[in-house]
Amino acid sequence: MDIYLLKSTAILAILWVLYVLLLEKENMHRFKRFYLLTSIVAAFYIPLLSITQYVYVEPIDGINFSKKIIPFIIDDSSQITETQFWTLERLLWSVYALGVLVFGIRFLSNLFKIIKTIQVNEKEKQSFITLVLLKQLISPHTFFNYIFLNKSKFENNDVPKEVLVHEETHAKQKHSLDILFIELMQMIFWFQPFIWLYKKRIKLNHEFLADQAVVDKGFEPSNYQNTLLSYSTNQDYSLSSAIHYSSIKKRFTVMKTQTSKHKKWLLSLFILSILGILFYSFSDSEIIEIEKTTEKNLTAQTVTQTLSSENDRASETLMNEYKNFIKEFNETRIIYGDAYERAIIIYNQLMSDEQRASVEKYPDRIIPKPNLSKVKAKNPTASQFEAFKNRKEYAIWIDGKYVPNTELDNYTSKDFVHVSGSHVYKNARSEKFPQPNQYHLYTKAGFKAIYQDSQLKRYKEATTTYSNAIKTYLKGNQTDNSELIILKAKADDIYKTFSSTEIKTNNIRTAPPVPAKKISHTARSISIKVLDDGSYLVDGKKASKKSLVSTVNQLHQDVTSEVRNKIINIHLTFADKETEDEVWFIYNALKNYGFHRLVTKNQEVIKSKGNTPFRSNKKSKIQQKLPTAKEVAEFNIWAKKINSDTKIISGNTKHLPIVDEKKLIKYAGIYNRMSAQQKKNAEQMPFPGFENIKGTETSISIEPNTYQQSPATVKEIASYNTWAKKMNTQINNAKANTNVAYPIIKKVEIEKYKSIYQRMTEAQRTKSEAFPNIPPPPPPPPIKIEQYKKGSKKTLSQIIKETPKNVESGYEVLDNGESHYYIINKGKKIYYNKDGYITDDKGNVIPPPPPPVPAPTPVSIKVNKSKGGPNADDINFRYYNTGPRKVYISISKTGEFAIVKNEFNNTLFEATTLSEIEHLLSKLSDEELKNTFIFSSYSDLKKYRNKPSSTLEYQNDIEIWLVKAELKNGSIVKDISFPKSNTIFQLANDNGIGELKPYLQKLATVFKKYKEINTTL
């Protein structure tokens, strides 16, 4: 309350001074009326407002809500003091209440007098006003639509027209509303001196407004001023508007003042800006945390990067604090609560493993930490209550306040809901309380305040301290957040004691995360010297063209490439003459590594500004030789074999054979170095586009970008405009109509036309189509986190650590009062408890599914035992570059089933059973089952597929192909007849099914248990 009053007084004072200095003498009375009333409202309202402050914070691992009781030793020697009734606080409140009462009576008395005056006197209605005619000789005054006049003067027409217009203006502009408002404010804040000053200025401004209305009516100002002198009075009409003598001189001055429109606008804008400053200066602030995931505001010389990792070492100061705690405990064997709590947090949360190994661990708790909110009420018995009245035997406290025993005569035992106390031994008694027994009695309100709400009060104090510490931290250099971690841990420790019911009932919120530390990166440099033989010296280390990238990659790995793009300066020198080709080679080779600036003797290339090295008009030389005839022949042999082994599954979907990765990189490099004529005469590249993928650098030359300096041609611009117009039209249609799909845009097209657009001049871009605002590609399917690893269940920490960055995750308190870690998997939220088990949204552990029936053959599918749900194992589907997920199930003539288990070779089958197939299907979600299609015949292909399987609309489907085969030694024997099918296997339902019919019926029974599955069986 004291802070609130100080803030409101300061605002009133500032606005008052501004009014007196800038506005009072100006002829802008309507704005002044608004200003005075707004100033009062703002002064008492702004301190109540809260400004939301968004704080970038580092991601947190959450709170481990363990049910294990944490013991605690506390030094809580509470002293009971007797409190006098007339404290300073009570005295001040009494004085305030008396003032409100006096001013309230005064206000009501004045209001009653006006109402009575209206009732008992003669009235005359004129238009929207009512004239109240009094026999007494009074000065004209107004209250709402009532104008009070002397009856005799009015009937004799002795009341000047100017005076009537003056009073009518008071009534018409509702000045009485302002007066009632300020009177009520004066009644509530009677002790506030500025309210009295504002009241006087508000009434004076009413007179300015009325005077202005009279002058605007065309009355002569000099005659009107004489009339004012003759009608002015010193009599106070507290709730009405009257002509006062004390303000006459100031009114005459203001009446002659003319304020220009320009000045009015300037003053208005200035005042509004002051109100804005006061709002931000005197309102409270609320902190809302936002995870910071990217580095911002990095410069070339100094980079401020917010870390997203937790503190991994305690500071020297905290280490000394912990060591002193251990030393004092070993010497005294005494533990003090706060020091002990800090020591636990420093040891568990702030120290590194190395630091923990260097110190002694804190002592274990002996006594559980007290929690008064969990104490159950114990009513005093009638006999106990009567015994408490004996002042020689008992000292009594009621709701924490000492009272004489006779005070109990005003109560009964039923007035108290709880009693606590004990016998006090003689050596522990004091002169003030010599009784052998000391007991505390609590009423319902006292028990709630002292016991039931005790933990809430502790939590509020802890979070307030923590929030204030955050504000202080954010104003500083933000280099050490250790103290914030300690304060948050204390608040979290209290939060864990609340039940889910208490959290919901009292709307208890967790403390905000700890703001991140900041670390500065200064500019760094790499020195590269080009030697005569074409090799390099990288910071004194020898490197060839082939090893340049790998050599540079060993440098400055403590920062990311994004940071290197801001701070790394490459200084390039030449043993001989500087060449453009070498500068271009190094520029292109190190772009992915990241650098801010490349400096040579002749040029400075600042990459962040879009600069590129110089390019002369002459054609650049090819940096590597064309492949030899022998290399081309080797490529043709390799490519021909791969192409011949490639099988067409359906549409554009290909089954590619397994290839050696080293050979793939080698021959992709050869193909990349071929001329256009060589590529035309060579075998088709089995993996088109792979020669451009990162990883083939060892065999691929890095050529200068010949397009970076040459402007786009007319033909290129025309091609770009056609493409961009088409894309913009389709994208805008998709945005406007949810039923219209976004266009499928190839990556190669985006790169091609983006290059053309970047090479356009500003004039060319102005005349061309805008580059399309291409929406991002759909996110990849959420990655599931296995709950078991090598037969051992993972801990929650392992699950959190292995959660991919692109998967949405967080923490949530469920109905059982515990915090659960969650991830969003295919639109479904999955919860993990503190032990790493999957639970439902109530916090109950989900039981695992029944184990599969053992396979009759020695070869079986390995199924991990899991807790169920999306954390369980999935069918091992065969994934293609594009298109749906696929699995092959073979059926032999003797009724044996087999299933693909090798992801890269769909000819490797292992034996399985119907129960295992059903178990695998049970792991699919409802959405996945709806997108599951069974292909047992060529007619199924025609029914479920009107486009190639690689089409984007099928990418989320699951295809189960039932094929006819014999199981021999773990591999499949393919049929030789393919009359209707394009597959490499014969579908089980084609060419007669007599011998397989009973086994297909068994499979159909399994599939039909899941009604969502699409099948014709």
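Predicted, not measured: the structure shown is a model, and the values here were computed from it.

1. Focus: the overall build of the protein chain
Argument step 1. Within the protein chain, the regular secondary structure consists of 32 helices and 35 strands.
Argument step 2. For the protein chain, the proportion of its 1017 residues judged to be buried stands at 42%.
Argument step 3. A separation threshold of at least 6 residues defines the contact pool for the protein chain, and within that pool the share at least 24 residues apart is 69%.

2. What to know about the packing of helix H1 (residues 2-23) against helix H10 (residues 261-282)
The packing of two helices is summarised by the inter-axis angle and the distance between the axes.
Argument step 1. Put simply, H1 and H10 touch, their axes get as near as 11 Å, and they point 165 degrees apart. Here H10 runs roughly antiparallel to H1, going by the angle between their axes. Regarding H1 and H10, the two cross each other, and that crossing is right-handed. Along its contact with H1, which presents Lys7, Ala10, Ile11, Ile14, Leu15, Leu18, Leu22 and Leu23, the element H10 presents Leu267, Phe270, Ile271, Ile274, Leu275, Leu278 and Phe282.

3. Concerning the UniProt feature "transmembrane region" (unreviewed entry) in the protein chain
Argument step 1. Under the UniProt annotation, the feature "transmembrane region" (unreviewed entry) is placed at residues 6-22, 34-56, 91-108, 128-149, 179-198 and 265-282.
Argument step 2. Taken end to end, residues 6-22 is 100% helix and 0% strand, and its two terminal C-alpha atoms sit 24 Å from one another.
Argument step 3. Helix makes up 80% of residues 179-198 and strand 0%, with an end-to-end C-alpha separation of 11 Å.

4. Comments concerning H10
Argument step 1. Here H10 contains 22 residues, and its C-alpha end-to-end distance of 32 Å stays within 8% of the 32 Å for a straight helix at 1.5 Å per residue.
Argument step 2. Of the residues making up H10, those classed as buried are Leu267, Ser268, Ile271, Ile274, Leu275, Leu278 and Phe282. Down the axis of H10, the smallest arc covering the buried residues is 125 degrees, so these residues share one side. Of the exposed residues in H10, those oriented more than 90 degrees away from the buried face are Lys261, His262, Trp265, Leu269 and Tyr280.

5. Looking at the pairing of strand E9 (residues 394-398)
Argument step 1. Extensive coverage of E9 is indicated by the burial of five of its five residues.
Argument step 2. Burial of E9 is two-sided: the residues Tyr394, Ile396 and Ile398 facing one way and the residues Ala395 and Trp397 facing the other way are all buried.
Argument step 3. As judged from the five bridges shared by E9 and strand E12 (residues 437-442), these two strands associate in the parallel manner. The partner of Tyr394 across the bridge, within E12, is Asn437.
Argument step 4. Pairing geometry for E9 and strand E10 (residues 401-403), over three bridges, is antiparallel. Along E10, the bridge assignment pairs Ile396 with Val403.
Argument step 5. Taking the residues between adjacent antiparallel strands as the criterion, E9 and E10 are bridged by two residues, where Asp399 takes a positive phi near 55 degrees.

6. Comments concerning the packing of aromatic side chains
Two measures describe an aromatic ring pair: the distance that separates the ring centres and the angle between the ring planes.
Argument step 1. This structure, assessed with the given rule, holds 48 aromatic pairs.
Argument step 2. With a centroid separation of 5.0 Å and an interplanar angle of 50 degrees, the aromatic rings of Trp397 and Phe433 are classed as tilted. Of the two residues, Trp397 sits in strand E9 while Phe433 sits in the loop between strand E11 (418-423) and E12, which places them 36 residues apart along the sequence. Each of the two residues, Trp397 as well as Phe433, counts as buried.

7. Quick notes on a positive patch on the surface
Argument step 1. Among the surface-exposed residues, Arg30, Lys161, Lys172 and Lys217 lie close enough to one another that they form a single positively charged patch.
Argument step 2. In this fold, Arg30 is placed in helix H2 (residues 29-45).

8. Overview of the sheet that holds E10
Argument step 1. Spatial ordering of the open sheet is given by E10-E9-E12-E11, a layout of four strands whose pairing is mixed. Unpaired on one side and paired on the other, E10 and E11 mark the two borders of the sheet. Going across the sheet, the axis of each strand differs from the next one's by a mean of 25 degrees, ignoring polarity.
Argument step 2. Against the sheet, helix H15 (residues 444-452) makes contact with E11 and E12, and its axis sits at roughly 100 degrees relative to E12, the strand it touches most.

9. A short note on unusual backbone geometry
Argument step 1. A positive phi is found at Arg333, a non-glycine position, where the angle reads about 60 degrees.
Argument step 2. Given the relative accessible area of 55%, Arg333 is considered exposed.
Argument step 3. At Asp399, a position not held by glycine, the phi torsion is positive, near 55 degrees.

10. Here's the deal with the sheet that holds strand E19 (residues 604-606)
Argument step 1. The strand order E16-E15-E14-E17-E18-E19 describes an open sheet built from six strands, whose pairing is mixed. Edge positions in the sheet fall to strand E16 (541-543) and E19, since each has one partner strand and no second. Shown here is a sheet whose adjacent strand axes are inclined to one another by a mean of 20 degrees, direction ignored.
Argument step 2. Here strand E14 (residues 524-530) pairs with strand E15 (residues 536-538) via three bridges, running antiparallel. Bridge pairing in E15 links Lys529 to Leu537.

11. Details of the pairing of strand E3 (residues 129-134)
Argument step 1. The buried fraction of E3 is high, at six of six residues.
Argument step 2. With burial as the criterion, each face of E3 is covered, one bearing Ile129, Leu131 and Leu133 and the other bearing Thr130, Val132 and Leu134.
Argument step 3. When strand E2 (residues 122-126) meets E3, the two strands line up antiparallel, connected through five bridges. Its bridge partner lying in E3, Glu122 is registered against Leu133.
Argument step 4. The turn linking E2 back onto E3 is made up of two residues, and Ser127 within it adopts a positive phi angle of 55 degrees.
Argument step 5. Here E3 runs beside strand E5 (residues 146-150); their pairing, made up of five bridges, is parallel. Opposite Leu134, over in E5, you have Asn150 as the bridge partner.

12. Quick notes on the environment of Met674
Argument step 1. Inspection of the secondary structure assignment puts Met674 in the loop between helix H23 (661-673) and helix H24 (676-681).
Argument step 2. Judged by relative accessible area, Met674 falls into the buried class, the value being 6%.
Argument step 3. Residues Met674 and Thr628, 46 residues apart in the sequence, show an inter-C-alpha distance of 9.2 Å.
Argument step 4. Discounting residues that sit within four places of it in the chain, Met674 has contacts with Leu626, Pro627, Val632, Phe635, Lys679 and Ala682.

13. Examining the nonpolar core
Argument step 1. One finds Tyr322, Met351 and Tyr459 to be the most contacted residues of the largest nonpolar core, which totals 37 residues.
Argument step 2. Those elements that provide at least two residues to this core are helix H11 (316-332), helix H12 (337-350), helix H16 (454-475) and helix H17 (482-495).
Argument step 3. By residue number, the principal contributor to this core is H17, which donates eight residues.
Argument step 4. Leu15, Met185, Tyr198 and Phe282 belong to the second-largest nonpolar core, a separate cluster that totals 30 residues.

14. Thoughts on the pattern of salt bridges
Argument step 1. Tallied over the full model, the rule gives 26 salt bridges.
Argument step 2. Asp178 serves as the salt-bridge partner of Arg33, at 2.6 Å between the closest nitrogen and oxygen. Here Arg33 is found in helix H2, whereas its partner Asp178 is found in helix H6 (residues 175-188), with 145 residues between them in sequence.
Argument step 3. Here Glu502 makes a salt bridge to Lys374, at a shortest N to O gap of 3.4 Å.

15. Some remarks on the environment of Gly218
Argument step 1. On the secondary structure map, Gly218 appears in the loop between helix H7 (193-216) and helix H8 (221-231).
Argument step 2. The exposed category is assigned to Gly218, whose relative accessible area is 63%.
Argument step 3. Measuring from C-alpha to C-alpha, the distance between Gly218 and Glu162 comes to 9.9 Å, with 56 residues separating the pair along the chain.

Thresholds applied
- Residues numbered from 1 in each chain as written.
- Predicted model: local features only at pLDDT ≥ 70, side-chain atom pairs only at ≥ 80, totals over all residues.
- Heavy atoms only, no water.
- Helix = DSSP H or I, 4+ residues; strand = E, 2+ residues; numbered from the N terminus.
- Buried < 20%, exposed > 50% of the residue type's maximum accessible area, 1.4 Å probe, protein only.
- Contact = heavy atoms within 4.5 Å.
- Axes fitted to C-alpha atoms, helices over the stretch in contact; angles between N-to-C directions.
- Parallel < 35°, antiparallel > 145°, perpendicular 65-115°, else oblique.
- Left-handed = near helix turned anticlockwise from the far one by under 90°.
- UniProt positions renumbered as here; feature names shortened; annotations may be inferred.
- Expected span 1.5 Å × (residues − 1).
- Arc of directions from axis to C-beta.
- Pairing = 2+ DSSP bridges.
- Phe/Tyr/Trp six-rings, centres within 6.5 Å; stacked < 30°, edge-to-face > 60°.
- Patch = residues over 30% accessible without salt bridge, like charges linked within 9 Å, V, L, I, M, F, W, Y side chains within 5 Å.
- Areas by Shrake-Rupley, 256 points an atom, 1.4 Å probe, with all protein chains shown as cover.
- Salt bridge = Lys/Arg side-chain N within 4 Å of Asp/Glu carboxyl O.
- Lys, Arg positive; Asp, Glu negative; His and termini not counted.
- Charge placed at Lys NZ, Arg CZ, Asp CG, Glu CD.
- Core = buried A, V, L, I, M, F, W, Y, C linked by side-chain atoms within 4.5 Å.

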